[in-house]
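A look at the structure
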2 protein chains.
Amino acid sequence: MPETALLSSALHDELLHVAHLLADAARPIALQYFRGAGQDIENKLDGDFDPVTVADRLIERKMREILAQHRPQDSILGEEFAAYEGTSGLTWVLDPIDGTRGFISGTPTWGVLIAVGPENGPLIGMIDQPFTGERFLGTPKQAQWQHPSGERALGTRRCGGLQDAILFTTFPEIGTPLEQAAFNRVRDRVKLTRYGMDCYAYGLLAAGQVDLVIEAGLNAYDIQGPLAVIEAAGGIVTDWQGEPAHKGGQVIAAGDPALHAAALALLQADGTV
Amino acid sequence: MPETALLSSALHDELLHVAHLLADAARPIALQYFRGAGQDIENKLDGDFDPVTVADRLIERKMREILAQHRPQDSILGEEFAAYEGTSGLTWVLDPIDGTRGFISGTPTWGVLIAVGPENGPLIGMIDQPFTGERFLGTPKQAQWQHPSGERALGTRRCGGLQDAILFTTFPEIGTPLEQAAFNRVRDRVKLTRYGMDCYAYGLLAAGQVDLVIEAGLNAYDIQGPLAVIEAAGGIVTDWQGEPAHKGGQVIAAGDPALHAAALALLQADGTV
């Protein structure tokens, strides 16, 4: 573990500053292509519907330029281009546009995801939604929601139990059939299940608006930004085994630790996931 | 049919002006309760999850005050209070907060729905989203998207066929089992199905971002605002029999008439809906 694990105040401030630079640079590019005539969707995987926009690549290229200028010593793991190996022990984990299906549908549910930290997980994270102008950020020192109308501290909410919980996931068809069955056990016990919010759901959880987000098949860059935000806001994010989730895969995020335990038990109830 | 069916230019402008007054009045009330500490959810139907917020009632009361002042001759059909019978042959159809589940979850997908027209359907409609600051409006003269960043003409888009279509509906569990099966026939043929957008999906359709919205179990006040917006933008809204949809029930909205016909045929394919 490098000395950066301790994250001095100066380093915290520098990394947070650079994270804001990345998110600020992403916004105008994303908005230029969002709902715009310049939008040009490509299919990343033949035969599968995983669109990636020109904006996705333009943003990550811009982010890498900024990192090369400000933090050349750090590694980079991004969705669009090859990993870059730095020397500091810190890695920037970038998803320039998380929620491309939302993006191409015009919904303000996608986000720019940014995280930085050592190998064992992110210390600083951001979820930025350029169209609404919202930025959810989390660090060891603060959890904050920023918006043109003002700033507020982020904090997850307590929840009386599954019967009171609002659950989010992006698609009803979550993961494999066994993962689907596990998810459905939770879905059938909560007060309300909603879909289609992409990474914005994690921001709402950090803001104390919803109680659970459960997903499967995530990549590290899909979860590291949200993970840092939610932990800073008092929530808990693990995989479906209760282990660290920063590498992606099956993820469960909860605002209330007791609710997390209850939902985790349901996910694991038949021993198949 | 009253003379208002012709909608003189002066009357058009007056009704549109009043519709803006209603939407403008709704915004600050809705935002005061959205994601706020003042939010107080009640269950409208015992044993069913149909929350209605205090904001819902405050807004409709305020809207009725404005109508009493500016258009006392018109009827009112609102979600929250008893119908009011006017003398003009025109009815204001109001849903102060459509998408209360989205509202209580913090998602910017709910909207203030306003429509006015004679008995055979709305002439002027609005979908207002106070948090994003978007207003989608449609009249016999114009279809417009308004936002703090500017205004744009709304127009639906052409679609090459079901295989190219983006479909929205609010819940995967749509209507009755037979309605569900009908919906699934369309879902299984389109490029992408997304959920959870409430009335915002109709605005996206009017803006040419998505191609189909299919829902069941709607009330008149759920669809009349969107209906006027989409028709003004060049789209088509009917029930699942291809008949007028302004009374609610099963609704299919499409940006492209040929796509509407193809989806309608699938809905009706087994003769059960």
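Residues numbered from 1 in each chain as written. Chains lettered and ligands numbered in written order. Predicted model: local features only at pLDDT ≥ 70, side-chain atom pairs only at ≥ 80, totals over all residues. Heavy atoms only, no water.

A look at the interface of chain B and chain A
- If you look at the interface, chain B gives 33 residues, while chain A gives 33 residues.
- Together chain B and chain A conceal approximately 2,700 Å² of surface at their shared face, both sides included; 60% is due to carbon and sulfur atoms.
- Inspection of the chain B/chain A interface yields 4 salt bridges.
- For Asp198 of chain B, the salt bridge is made with Arg194 of chain A, and the minimal N-O distance between the two is 2.8 Å.
- Summed over the shared surface of chain B and chain A, the number is 10 residue pairs in polar contact (both at pLDDT 80 or more). (Contact = heavy atoms within 4.5 Å. Buried area = accessible area lost by both parts, 1.4 Å probe. Salt bridge = Lys/Arg side-chain N within 4 Å of Asp/Glu carboxyl O. Polar contact = N/O pair within 3.5 Å; in protein donor to acceptor, adjacent residues only side chain to side chain.)

Structural notes on the nonpolar core
- Trp92 and Ile114 of chain A together with Trp92 and Ile114 of chain B are the most contacted members of the largest nonpolar core, which totals 127 residues.
- Counting 42 residues, the second largest nonpolar core, distinct from the first, contains Ala254 and Leu267 of chain A together with Tyr195 and Ala263 of chain B. (Core = buried A, V, L, I, M, F, W, Y, C linked by side-chain atoms within 4.5 Å. Buried < 20%, exposed > 50% of the residue type's maximum accessible area, 1.4 Å probe, protein only.)

What about the confidence of the model for chain A?
Residue and element names in this part refer to chain A.
- Averaged over all residues, the pLDDT of chain A equals 92, while 92% of them reach at least 70.
- Below pLDDT 50 for its whole length, residues 37-51 participates in 35 contacts with residues either more than four positions away or in separate chains.
- Here the prediction assigns the complex a pTM of 0.93, and the interface score ipTM is 0.92. (pLDDT = per-residue confidence, 0-100.)

Observations concerning the pairing of strand β14 (residues 249-254) of chain A
All names here are of chain A.
- With 5 of 6 residues buried, β14 lies mostly within the body of the structure.
- The pairing of strand β12 (residues 212-218) with β14 spans 5 bridges and is classified as antiparallel. If you follow Leu218 over to β14, its bridge partner there is Gly249.
- Across 3 bridges, the pairing between strand β13 (residues 236-238) and β14 is antiparallel. (Helix = DSSP H or I, 4+ residues; strand = E, 2+ residues; numbered from the N terminus. Pairing = 2+ DSSP bridges.)

Observations regarding the packing of aromatic side chains
- Tallied over the full model, the rule gives 11 aromatic pairs over all chains.
- With a centroid separation of 6.0 Å and 90° between ring planes, the pair formed by Phe136 of chain B and Tyr200 of chain B is classed as edge-to-face. In this pair, Phe136 of chain B sits in strand β7 (residues 134-138) while Tyr200 of chain B sits in helix α5 (residues 200-206), placing the two residues 64 residues apart along the sequence.
- In this structure an aromatic cluster arises from ring pairing among Phe34, Phe103, Trp110 and Phe131 of chain A.
- Residue placement shows Arg35 of chain A over the ring face of Phe131 of chain A; its charged tip is 4.5 Å from the ring centre. (Phe/Tyr/Trp six-rings, centres within 6.5 Å; stacked < 30°, edge-to-face > 60°. Lys NZ or Arg CZ within 6 Å of the ring centre and 35° of its normal.)

Concerning the relation of the copies chain B and chain A
- Between chain B and chain A, the superposition needs a rotation of 180° and an axial shift of 0.0 Å, giving an RMSD of 0.0 Å. What we have between these two chains is a two-fold relation.
- Same-surface contact between copies: 100% of interface residues of chain B are shared with the interface of chain A. (Least-squares fit on C-alpha atoms with pLDDT ≥ 70 in both.)

Examining the sheet that holds strand β5 (residues 111-117) of chain A
All names here are of chain A.
- If you trace the 7 strands from one edge of the open sheet to the other, you get β3-β4-β5-β6-β7-β8-β9, paired in mixed fashion. Strand pairing shows two members of the sheet lacking a second neighbour, β3 (75-78) and β9 (150-153), which therefore form its edges. Between one strand axis and the next, the sheet turns through 15° on average, direction left out of account.
- Against the sheet, helix α2 (residues 54-70) contacts β3, β4 (91-98) and β5, and its axis sits at roughly 155° relative to β4. (Axes fitted to C-alpha atoms, helices over the stretch in contact; angles between N-to-C directions.)

Examining the packing of helix α1 (residues 9-33) of chain B against helix α2 (residues 54-70) of chain B
All names here are of chain B.
- Axis separation between α1 and α2 bottoms out at 9 Å; the angle between their running directions is 155°. By the criterion of interaxial angle, the relationship of α1 to α2 is roughly antiparallel. The element α1 and its partner α2 pack so that their crossing is right-handed. Between α1, through Glu14, Val18, Leu21, Leu22, Ala25, Ala26, Ile29, Ala30 and Tyr33, and α2, the contact on the second element is made entirely by Val54, Ala55, Leu58, Ile59, Lys62, Met63, Ile66, Leu67 and His70.
- Looking at the contact of α1 with α2 residue by residue, the classes come out as 15 nonpolar, 1 polar and 2 charged. (Parallel < 35°, antiparallel > 145°, perpendicular 65-115°, else oblique. Left-handed = near helix turned anticlockwise from the far one by under 90°. Nonpolar A, V, L, I, M, F, W, Y, C, P; charged D, E, K, R; others polar.)

Looking at the environment of Val116 of chain B
Residues and elements named next belong to chain B.
- Residue placement: Val116 occurs in strand β5 (residues 111-117).
- The exposure class of Val116 is buried, given its relative accessible area of 1%.
- Dropping the residues within four chain positions of it, Val116 is found in contact with Leu15, Leu90, Thr91, Trp92, Pro122, Leu123 and Ile124.

Remarks on unusual backbone geometry
All names here are of chain A.
- The phi torsion at Asp198 lies on the positive side, around 50°, for a residue other than glycine.
- Its location among the elements puts Asp198 in the loop between β11 (192-195) and α5 (200-206).
- On the basis of relative accessibility, which here comes to 6%, the residue Asp198 falls in the buried class.

Description of the sheet that holds strand β8 (residues 143-147) of chain B
All names here are of chain B.
- One open sheet holds the 7 strands; their spatial order is β3-β4-β5-β6-β7-β8-β9, and the pairing between them is mixed. Each of the sheet's edge strands pairs with one partner strand only, and the pair in question is β3 (75-78) and β9 (150-153). This sheet shows a mean twist of 15° between the axes of neighbouring strands, independent of strand direction.
- Taken together, the 4 bridges between β7 and β8 define a ladder with antiparallel strand orientation. Directly across from Arg135, in β8, lies its bridge partner Gln146.
- The sheet contacts of α1 involve β4 (91-98), β5, β6 (124-129), β7 and β8, and relative to β6 the element is tilted by about 20°.

Topic: the pattern of salt bridges
All names here are of chain A.
- Under the criterion given, the structure shown has 28 salt bridges over all chains.
- Among the ionic pairs, Arg135 bridges to Asp128, the shortest N-O distance being 2.6 Å.
- Put simply, Asp24, Arg27, Asp128 and Arg135 are held in one network by salt bridges that share partners.

A few points about the domain arrangement of chain A
Residue and element names in this part refer to chain A.
- Looking at chain A, the domain boundaries give domain 1 (9-153) and domain 2 (162-267).
- When each unit is reduced to the centre of its C-alpha atoms, the spacing between domain 1 and domain 2 is 21 Å.
- Residue-level contacts link 35 residues of domain 1 with 22 residues of domain 2.
- Carbon and sulfur atoms make up 71% of the surface buried where domain 1 meets domain 2, a total of about 2,000 Å² over both sides.
- Where domain 1 meets domain 2, there are 0 salt bridges.
- The interface formed by domain 1 and domain 2 holds 4 residue pairs in polar contact (both at pLDDT 80 or more) in total. (Domains from an automatic or database assignment.)

As for the side chain of Thr107 of chain A
- As for its placement among the helices and strands, Thr107 of chain A is situated in the loop between α3 (100-105) and β5.
- Take Thr107 of chain A: its relative accessible area is 0%, and that puts it in the buried class.
- Within the local environment of Thr107 of chain A, its side chain forms a polar contact with the side chain of Thr109 of chain A, the two groups lying 2.8 Å apart.
- Excluding residues that lie within four positions of it along the chain, Thr107 of chain A makes contacts with Phe34 and Gly102 of chain A together with Phe168, Arg194, Met197 and Leu204 of chain B.

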